[in-house]
Amino acid sequence: YLTSQAALHYLASGRREEGLPRLRRVLAETGIHWPRTRTRAWLSVLWRLVTLAASGARHRLTDVSVPTHFDGRGRTAERLFPDADEQPDDRVKVEMLLAGAALVPPYDFARGAYFITAFARRALLLGDRERVPIALGMLSVLFIASRLTAAIGRRLGEEAVALARAAPPSLLTSAALSFAAFGRLRAGALKEALDLGIESERALHGSDRTHAYEAWTARAVQCFALTLMGRVGEAADLFAATGREARELGDELAALGGESPIRYLVRDDVDSAVELVERKRAALGQIGHEGVVHQIVLMDRITCALYQGRGGEVLPLFRESVTAGLVTIDAHALPAHCALQAIGHGPATPALRRIVLRASRLLIRERLLAPRALAAQLRAALCVIDHDEAGALAQISIAADVYAQAGMRLHEA
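Reference entry: report on the structure contained in this document.

Conventions adopted
Residues numbered from 1 in each chain as written. Predicted model: local features only at pLDDT ≥ 70, side-chain atom pairs only at ≥ 80, totals over all residues. Heavy atoms only, no water. Helix = DSSP H or I, 4+ residues; strand = E, 2+ residues; numbered from the N terminus. Buried < 20%, exposed > 50% of the residue type's maximum accessible area, 1.4 Å probe, protein only. Expected span 1.5 Å × (residues − 1). Phe/Tyr/Trp six-rings, centres within 6.5 Å; stacked < 30°, edge-to-face > 60°. Lys NZ or Arg CZ within 6 Å of the ring centre and 35° of its normal.

1. Notes on the overall build of the protein
Right, on to step 1. Along the protein, the regular secondary structure elements total 20 helices and 0 strands.
Right, on to step 2. Burial analysis of the protein (413 residues in total) assigns 53% to the buried set.

2. Looking at unusual backbone geometry
Right, on to step 1. Positive phi values are uncommon outside glycine, yet Asp268 reaches one of about 65°.
Right, on to step 2. On the basis of relative accessibility, which here comes to 52%, the residue Asp268 falls in the exposed class.
Right, on to step 3. Phi at His387 is positive, roughly 60°, even though this residue is not glycine.
Right, on to step 4. Its location among the elements puts His387 in the loop between helix H18 (369–385) and helix H19 (389–406).

3. Focus on helix H6 (residues 132–144)
Right, on to step 1. With 13 residues, H6 extends 18 Å from end C-alpha to end C-alpha; this agrees with the ideal 18 Å at 1.5 Å per step.
Right, on to step 2. With 13 of 13 residues buried, H6 lies mostly within the body of the structure.

4. Observations regarding the packing of aromatic side chains
Each pair of aromatic rings is reported with the distance of its centres and the angle of its planes.
Right, on to step 1. Scanning the model with the defined rule gives 4 aromatic pairs in all.
Right, on to step 2. On the numbers, 5.6 Å between centres and 55° between planes, the contact of Trp42 with Phe109 is tilted. Here Phe109 lies in helix H5 (residues 109–126) and Trp42 lies in helix H3 (residues 38–58), a separation of 67 residues in the sequence.
Right, on to step 3. A residue is classified by how much of its surface remains accessible, and Trp42, at 34% relative accessible area, is partly exposed.
Right, on to step 4. Over the face of the ring belonging to Tyr114 we find Arg48, whose NZ or CZ atom lies 4.5 Å from the ring centre.

Structure follows, in structure tokens:
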């Protein structure tokens with residue numbers, strides 16, 4: 001128990017080298033497998049997601065909707081897994097799988113997703129009334145990342161929120177609300193995502209201050225939503241508050257993920273923004289380059305470069321990005337923005353045009369308001385390059401109208 005607690009606190013505060021070996025040791029002692037390769041981890045993730053969806057369909061449940069038959073009062077999920085038989089060590093395994101699901105993704109996204117699906121399946125199998133909401137919230141983010149399973153993800157997110165609201169405020173209900181909020185953010189429901197992020201942070205009131213990780217997660221989704229809504233000043237203030245708390249607690253993980261150059265760029269303080277990004281890059285040494293935090297730092301570098309008009313210089317960074325589109329709905333458009341800035345400083349080469357065209361096609365497939373607007377804006381830029389003024393005006397008009405419908409006021413302007 002003490003070793004597991006040490007591992008969790010190390011990982012929650014950004015100490016990868018101290019935390020991961022301890023976590024792996026405890027997982028092994030509990031009989032939980034650590035995937036040897038990331039490829040095997042992803043294959044396991046895909047298999048579990050397919051079997052979860054298939055189990056729901058087989059028992060005539062809506063999508064994967066265990067919660068339809070789970071009333072928050074301890075009833076089990078036997079209709080989804082009718083042969084479920086709880087063993088004495090199952091609760092311990094659920095607890096350790098939850099630890100892996102919550103704290104491995106910042107360091108290793110593939111294995112983190114593996115633990116998310118492993119935890120979710122076991123929590124649903126047991127009908128664990130405290131952990132089913134967070135399991136559903138986590139699954140909703142994974143399902144909603146693909147347009148083919150987005151409807152399932154939305155349903156799971158709704159059920160996670162309903163169950164979390166029916167339970168007393170706690171770290172677990174806060175986390176369930178945060179994950180559901182990220183799902184709504186990915187689906188383009190910005191106001192809903194913001195409100196859920198605020199609700200998640202409120203659920204932490206009264207928790208002791210060792211739990212900075214949960215607060216950072218709740219605030220991160222608020223910051224992403226505020227930025228996309230054009231309320232960048234409010235986002236900057238929230239980023240700054242998270243940074244202050246992270247420094248007070250010596251929490252490297254929250255400092256890396258919770259601070260953003262936007263807090264400086266909103267004041268046109270480019271030097272401070274670049275300095276922050278360089279500090280975060282230096283700190284990645286103890287976090288690693290395979291997790292969500294690495295992706296956040298990449299996004300920060302690209303954001304600074306775009307603000308400075310140097311988007312073309314950072315195009316190679318997109319080869320490192322494996323989670324584009326998972327966290328924020330405009331991630332697909334970023335390489336196109338960089339390519340357009342490169343075109344602005346030189347010729348419109350076929351390779352650069354292909355980047356813009358590919359991004360617009362990917363965005364259209366999303367069938368959501370914000371991606372549609374981004375796609376129209378990119379098509380307008382291509383029309384400008386081709387000296388098609390009428391086409392550019394038509395596309396930019398579409399983009400402005402759809403941005404307004406999506407609540408993205410800064411993009412609209």
